[in-house]
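A structural walkthrough
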Amino acid sequence: MMEEKSEIHVKTLFGLETVLESEMKALGFQEIRKGSRSVSFKGSLKDIYRANYLCRSAIRVLKPIIRFEFNSIDEYYENIHAYPWEELLHLQDSFSIDSVVHRSSFFTNSIFASHKAKDAIVDRFYKKYDLRPSVNKYNPDLFINVHVNDRKCSISIDSSGEPLFKRGYRMQVAEAPLNEVLASGMLLLTDWEGQHNFVNPMCGSGTLAIEAAMIAKNIPAGKYRKDFAFMHWRDFNPSLWREVKEEAAKNRREFDAFIFASDLSDKAIAATEENIKAVGLEEDIVVEKANFLSYEPAAGPGILVLNPPYGEKIKLEDSIKSYKKIGDVFKQKYTDYTAWIISSDLEAIKNIGLRSTQKHILYNGSLECRFIQYDIFSENN
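What you see is a predicted model, and the numbers here were worked out from it, not measured in a lab.

What about the sheet that holds strand 3 (residues 38-43)?
Adjacent strands of a sheet pair through backbone hydrogen bonds, lying either parallel or antiparallel. Spatially, the eight strands line up as an open sheet ordered 2-3-1-4-8-7-5-6, and their pairing is mixed. Both edges of this open sheet fall to strand 2 (30-35) and strand 6 (134-135), since each of them pairs with a single strand only. Sheet analysis places strand 7 (residues 142-149) next to strand 8 (residues 152-158), joined by seven bridges and oriented antiparallel. Bridging across to strand 8, N149 finds its partner in K152. Its contacts with the sheet put helix 3 (residues 73-82) on strand 4 (60-69), strand 7 and strand 8, and the angle it makes with strand 4 is roughly 120°.

Re empty space enclosed by the protein
Throughout the structure, instances matching the rule amount to one cavity of 30 Å³ or more. If you add up the space inside the largest cavity, you get close to 40 Å³. What lines the largest cavity is simply N52, C55, L164, K166, R167, A221, G222, R225 and F228.

Some remarks on the pairing of strand 15 (residues 367-375)
The pairing of strand 13 (residues 337-343) with strand 15 spans six bridges and is classified as antiparallel. Paired with I341 across the bridge in strand 15 is I372. The sheet contact formed by strand 14 (residues 358-364) and strand 15 spans seven bridges and is antiparallel. Its bridge partner lying in strand 15, Y363 is registered against E368.

Some points on the environment of Y374
Looking at where Y374 falls in the secondary structure, it is placed in strand 15. Overall, Y374 belongs to the buried group, its relative accessible area being 3%. Linking Y374 and F330, residues 44 residues apart in sequence, is a C-alpha distance of 8.7 Å. In contact with Y374, not counting residues within four places along its chain, are F330, Y337, T338, A339, I341, I349, I352, L354, R355, S356 and T357.

Observations regarding the state of the cysteines
Tallied over the entire structure, the rule returns zero disulfides. Just so you know, C369 is unpaired, no disulfide at all, and the nearest cysteine sulfur is the one on C203, 18 Å from it. A relative accessible area of 0% means that C369 is categorised as buried.

A look at a positive patch on the surface
A contiguous patch of positive charge on the surface is contributed by K223, R242, K245 and R252. Checked against the element boundaries, R242 lands in helix 7 (residues 238-250). For R242, a relative accessible area of 45% puts it in the partly exposed group.

Reading the values: rules and limits
- Residues numbered from 1 in each chain as written.
- Predicted model: local features only at pLDDT ≥ 70, side-chain atom pairs only at ≥ 80, totals over all residues.
- Heavy atoms only, no water.
- Pairing = 2+ DSSP bridges.
- Helix = DSSP H or I, 4+ residues; strand = E, 2+ residues; numbered from the N terminus.
- Contact = heavy atoms within 4.5 Å.
- Axes fitted to C-alpha atoms, helices over the stretch in contact; angles between N-to-C directions.
- 1 Å grid on protein atoms, 1.4 Å probe; cavity = no way out; pocket = protein on both sides within 12 Å on 5 of 7 lines; lining within 4 Å.
- Points joined across faces, edges and corners; volume = space filled by probe spheres on them.
- Buried < 20%, exposed > 50% of the residue type's maximum accessible area, 1.4 Å probe, protein only.
- Disulfide = S-S within 2.5 Å.
- Patch = residues over 30% accessible without salt bridge, like charges linked within 9 Å, V, L, I, M, F, W, Y side chains within 5 Å.
- Areas by Shrake-Rupley, 256 points an atom, 1.4 Å probe, with all protein chains shown as cover.
- Salt bridge = Lys/Arg side-chain N within 4 Å of Asp/Glu carboxyl O.
- Lys, Arg positive; Asp, Glu negative; His and termini not counted.
- Charge placed at Lys NZ, Arg CZ, Asp CG, Glu CD.

Given below as structure tokens:
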């Protein structure tokens, strides 16, 4: 499918485009171009494997194969029908189509766009072979991504399959678990590399602590994942894939910093401990049932990342008091720490009572959040 370098699109979450761009530069990818919720680069088949395996802030990696403009649904169909799909699919293979439609003159929804694309592909096979490949929404051999913007269409092969935030290590979840890509992107925004202590109160399922340990030890984002869509491509190269993993293993490192995860919930503690055990990081992360408001942390310097309850979890009148207490704890107990908090409660977060040094707009699911940094200095500084 790919012998020479060609354009690759790597999708990410809103607000993490610059983080992903920095990751890709550090990994040595070439001709990088930042877009909306995406970063593009020129790469080879090995680069597709590397992007899936190594990029912590990536959601999926797409290989564009067709671009065209169309002035009718018939033209849309014919352009897709003309592509040599038999080079990517065997008759016994299955495929799925995921479509996104923006401001289209012809498609009122993405389902119709997917349906017409599916017809074009299976009709080509039937015309050539009198047989059709099957559609499988859940476990196909080929994931196809269709993007329609007005009269322009781009079709890509999805090399990831399941979104890359499905790392493969989460055995248990607590209430409202944090997306692994969002967690990792947040950590990269803090410049965490294992250089100082890391504290994650209200840890939930332990996602932030686990991602922090993986960054500190340079464990690949996809290390614990068993399957990627590119492994089912007709030109999948097992030796090249093995080479990618072996090269990454050589870059593992150790760190001396302290990673602490705590929560008041027994369910959260149990979930965190099981997830940490699944990745073999028991020696790197200390888990303890503790109240953030009364716990005495290790001396700084350090980084604290807090993901408190917000959205539908607590009422506004309670959250204002809670955020005031959070700000007091930051000031009283986390001297020489860089404290970060993420929340969608944009009114309550104003009650932290500290001057912020950075603010980022991120989305936790559908919730618009602020990810805010506070530098906590002693009175003598």
